[in-house]
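Listed below are the residues making up each chain.
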Amino acid sequence: MDKIRIRGGRPLQGRIQISGAKNAGLPLMAASLLTDKTLTLSNLPDLADIATMEKLLEQHGATAEVEGENGTRTMRLTAGRISSTTAPYDLVRKMRASVLVLGPILARCGEARVSLPGGCAIGNRPVDLHVKGLTALGAEISLEEGYIHAKAPKGLKGGHFVFPQVSVGATENLMMAASLAEGETVLVNAAREPEVNDLAHCLVAMGAKIEGIGTDTLRIQGVAALHGAEHRVVADRIEAGTYAIAAAMTDGDLTLTGVCPTLLEALLKLLGEAGAKIETFEDGLRVSRANGVMMGVDVMTEPYPGFPTDLQAQIMALMTTSKGAAMITETIFENRFMHVPELCRMGANINVHHSSAMIRGVEKLKGAPVMATDLRASVSMVLAGLAAEGETVINRVYHLDRGYERLEAKLAACGADIERLRGE
Ligand SMILES: CC(=O)N[C@H]1[C@@H](OP(=O)(O)OP(=O)(O)OC[C@H]2O[C@@H](n3ccc(=O)[nH]c3=O)[C@H](O)[C@@H]2O)O[C@H](CO)[C@@H](O)[C@@H]1O
Ligand SMILES: C=C(OP(=O)(O)O)C(=O)O
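Every chain is numbered independently, its residues counted from 1 as its sequence is written. All chains are assigned letters beginning at A, and all ligands numbers beginning at 1, according to the order in which they are written. Confidence filtering applies because this is a predicted model: local features only for residues at pLDDT of at least 70, side-chain atom pairs given and counted only at 80 or more, and all residues used for totals across whole chains, interfaces and linings. Based on all heavy atoms of the structure, the side-chain values leave hydrogens and waters out of the count.

A look at the sheet that holds strand β12 (residues 209-211)
Stage number 1. A sheet is described by the order of its strands in space; here four strands give the open sequence β10-β11-β13-β12, paired in mixed fashion. What marks the edges here is a single partner per strand, and that holds for β10 (160-162) and β12. Direction aside, the axes of adjacent strands within the sheet are offset by 15 degrees on average.
Stage number 2. Two strands qualify as a pair provided DSSP detects at least 2 bridges between them. Runs of H or I in DSSP of at least four residues are treated as helices and runs of E of at least two as strands, each being numbered from the N terminus. Sheet topology note: the β12/strand β13 (residues 217-221) ladder contains three bridges and is antiparallel. Bridge pairing in β13 links Glu 211 to Arg 219.
Stage number 3. Of the strands in this sheet, β10, β11 (184-188), β12 and β13 touch helix α6 (residues 168-179), which is tilted by about 25 degrees from β13. Convention adopted: a line fitted to C-alpha atoms gives each axis, helices being fitted over their contacting stretch, and angles between N-to-C directions are expressed from 0 to 180 degrees. Contacts between residues were defined by any pair of non-hydrogen atoms, one from each residue, lying within 4.5 Å.

Comments concerning the site of ligand 2
Stage number 1. Inspection of the region around ligand 2 gives Lys 22, Asn 23, Ile 122, Arg 125, Asp 310, Arg 336, Leu 375, Arg 376 and Arg 402 as its neighbouring residues.
Stage number 2. Here Lys 22 contributes a side-chain N or O atom positioned 2.9 Å from an oxygen atom of ligand 2.
Stage number 3. Here a polar contact is taken to be a pair of N or O atoms separated by no more than 3.5 Å, where protein atoms must pair a possible hydrogen donor with a possible acceptor and residues adjacent in sequence count only if both atoms sit in side chains. Contacts to ligand 2 include Arg 125, whose side-chain N or O atom sits 2.7 Å from an oxygen atom.
Stage number 4. Notes on ligand 2: free accessible area 290 Å², of which the protein chains cover 87%.
Stage number 5. Those elements that place two or more of their residues in the shell around ligand 2 are α1 (22-31) and α12 (375-387).
Stage number 6. Three classes are used, and their members are as follows: Ala, Val, Leu, Ile, Met, Phe, Trp, Tyr, Cys and Pro are nonpolar, Asp, Glu, Lys and Arg are charged, and the others, Gly among them, are polar. Residues of the shell around ligand 2, tallied by class, amount to two nonpolar, one polar and six charged.
Stage number 7. Note: domain ranges come from an automatic or database domain assignment. Split by domain, the residues of the shell around ligand 2 number at least three in each of domain 1 (3-18 + 235-421) and domain 2 (22-232). Proximity is defined per residue: if any heavy atom of the residue lies within 4 Å of a molecule or strand, that residue is considered near it. All accessible-area figures derive from a Shrake-Rupley calculation using a 1.4 Å probe, and residue coverage is judged against the displayed protein chains alone.

Quick look at the confidence of the model for the protein
Stage number 1. Residues of the protein with pLDDT of at least 70 account for 100%, and the chain-wide mean is 97.
Stage number 2. Listed scores for the predicted complex are pTM 0.98 and ipTM 0.99. On a scale of 0 to 100, pLDDT captures the predictor's confidence in every residue.

A word on the pairing of strand β5 (residues 74-78)
Stage number 1. For strand β3 (residues 38-42) and β5, the ladder comprises five bridges, and the chain directions are antiparallel. Looking at β5, one finds that Leu 41 is bridged to Met 75.
Stage number 2. Pairing of strand β4 (residues 63-67) with β5 involves five bridges; the strand directions are antiparallel. Its bridge partner lying in β5, Thr 63 is registered against Thr 78.
Stage number 3. With antiparallel pairing between neighbouring strands as the criterion, β4 and β5 make up a hairpin whose turn holds six residues, including Gly 68 at a positive phi of roughly 75 degrees.

Brief notes about the UniProt feature "active site" (unreviewed entry) in the protein
Stage number 1. UniProt positions are given in the numbering used here, feature names are shortened, and annotations may be inferred rather than shown by experiment. Per the UniProt record, the feature "active site" (unreviewed entry) sits at Cys 120.
Stage number 2. With respect to the helices and strands, Cys 120 occurs in the loop between β7 (111-115) and α5 (128-136).
Stage number 3. Setting aside anything within four residues of it in sequence, one finds Cys 120 in contact with Arg 96 and Arg 125.

So, the packing of aromatic side chains
Stage number 1. Pairing of aromatic rings covers Phe, Tyr and Trp, the last counted by its six-membered ring, and requires centre-to-centre distances within 6.5 Å; plane angles under 30 degrees mean stacked, over 60 mean edge-to-face, and any other angle means tilted. Counted by the stated rule, this structure contains one aromatic pair.
Stage number 2. A centroid spacing of 5.0 Å and a plane angle of 85 degrees characterise the contact between Phe 161 and Phe 163, whose relative ring orientation is edge-to-face. The residues Phe 161 and Phe 163 share a single accessibility class, namely buried. To sort residues, take the accessible area from a 1.4 Å probe on protein chains only and compare it with the maximum for the residue type: under 20% means buried, over 50% means exposed, and anything in between is partly exposed.

Re the site of ligand 1
Stage number 1. Lining the immediate surroundings of ligand 1 are 18 residues, of which Asp 128, Leu 129, Ser 167, Asp 310 and Ile 332 lie closest.
Stage number 2. Leu 129 places a polar main-chain atom, nitrogen or oxygen, 2.7 Å from an oxygen atom of ligand 1.
Stage number 3. Here Val 168 contributes a backbone N or O atom positioned 2.7 Å from an oxygen atom of ligand 1.
Stage number 4. Here ligand 1 has 740 Å² of accessible area as a free molecule, and 86% of this is covered by the chains.
Stage number 5. Of all the secondary-structure elements, those providing two or more residues to the shell around ligand 1 are α5 and α6.
Stage number 6. In terms of residues, the shell around ligand 1 owes the most to one element, α5, which gives three residues.
Stage number 7. Residue composition of the shell around ligand 1, grouped by class: eight nonpolar, six polar and four charged.
Stage number 8. In this structure, the shell around ligand 1 is formed jointly by two domains, domain 1 (3-18 + 235-421) and domain 2 (22-232), each of which donates at least three residues.

What to know about the domain arrangement of the protein
Stage number 1. The domain architecture assigned to the protein consists of domain 1 (3-18 + 235-421) and domain 2 (22-232).
Stage number 2. For domain 1 and domain 2, the distance between their C-alpha centroids amounts to 30 Å.
Stage number 3. Domain 1 puts 22 residues into the contact, and the matching count from domain 2 is 18 residues.
Stage number 4. In short, buried area is how much 1.4 Å probe accessible area vanishes from two parts on joining, totalled over both. With both sides pooled, the region where domain 1 packs onto domain 2 buries about 1,800 Å², and carbon together with sulfur makes up 50% of that total.
Stage number 5. Its largest share of buried area at the contact with domain 2, domain 1 owes to Tyr 304, Arg 402 and Glu 405, together 34% of the area lost on that side.
Stage number 6. Each reported salt bridge corresponds to a side-chain nitrogen of Lys or Arg within 4 Å of a carboxyl oxygen of Asp or Glu. On the surface where domain 1 and domain 2 come into contact, there are two salt bridges.
Stage number 7. Two residues, Glu 195 and Arg 237, come together in a salt bridge whose shortest N-O distance is 2.8 Å.

What to know about the environment of Glu 408
Stage number 1. Mapped onto the secondary structure, Glu 408 falls in helix α14 (residues 407-412).
Stage number 2. Classification of Glu 408 as buried rests on a relative accessible area of 16%.
Stage number 3. Considered as a pair, Glu 408 and Asn 349 are 59 residues apart in the sequence and their alpha carbons are 27 Å apart.
Stage number 4. Among all residues touching Glu 408, those that are not within four sequence positions of it are Ile 4, Ile 418 and Arg 420.
Stage number 5. Looking at Glu 408, its side chain comes within polar contact range of the side chain of Arg 420, at 2.8 Å.

Following this line, the structure appears as structure tokens:
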């Protein structure tokens, strides 16, 4: 298995082009199952999760043609006929976002059989809201042998569904299914994440009728069929946020291009309070320290437009060497502090009480061999390693390959001493 070795202590300086968002690309790819015409997605990142979704779609009978690389990557997806309505355990277990094929296949074929994703390192992550929402659209759903069996032999019917809790994936699944249901669907307390909005805009380009995009109430008038479209995947705000934190943490100066800074408002406000200097442009931002010191600030994760849980591990890495104390509270996932023991192995001072972590800033972190069990925890090790004295070796790099396109190349181009050690 590959590892990443970092020799820390170098300020990052330069320019990084932000890739398309994994968390937008995955639902957008699933949306290709809603039509027999071609959906062309540009700015699709080259990531392990995108490859897994491609495999899953091919398994359902879609064809995928890929062109270009590094920011100019385009995928043409055509699901002329859905040859299999089953999403098997082996693929769903690899990537939870596979459950996003449930709504499209059910809406188009009148039945779908999708393996239950099961829990993962960051929490239990049930799919009950996907199931309840589709039931509100007239689906009959049973759970058998680890699979969700969904049926709507006469087609889905528009319905009214109030999410008891904001769910990105369930909003996406329901929005896709409702696009082909008969009549009007109203989704209340829907997720407003930029990736949800990106999917909504693509569905509209495919002929869907959706009102309220960007708000927590979505009104969808079902149509008989959707057509093909061309769509550019929104920039990855989590990748951009990770590099913005890297600039502040290493006392560097990074310009991030290809991302609209309004997607990062919650993070940028917080970084500013912590002592970062931030300049924003229409299509990018520049981050450095205002006067050399970063201060501890309190953070609570929330659904968009609040502070994203997908940046919680990274902001915690920053707080480990910021002056003073910081309290970080995780409200979205019950077990998203796996980076804590690893950061402590590098010299961080962190105490966890239930869903909150108290971080007391230390002067310096020290490099160490580390390992993490999820994507954002792993990248928080990279940030810690970049700022630490000495050498850090990060194991289980496959987590990083799920979500960070050309991570080492992007960081090395800005002065990081980072290399991938290929495993046997
Ligand atoms: C591929 C993708 O886009 N992944 C993102 C998506 O995950 P995902 O869509 O899985 O996350 P959700 O927004 O659905 O989860 C939010 C909360 O709702 C709970 N829940 C969710 C569904 C459900 O049926 N029942 C239920 O209880 C979850 O366990 C969690 O506690 O949004 C998360 C929250 O911003 C991000 O961290 C993930 O990176
Ligand atoms: C939790 C994440 O992804 P997923 O929902 O695919 O596990 C993430 O992107 O941080």
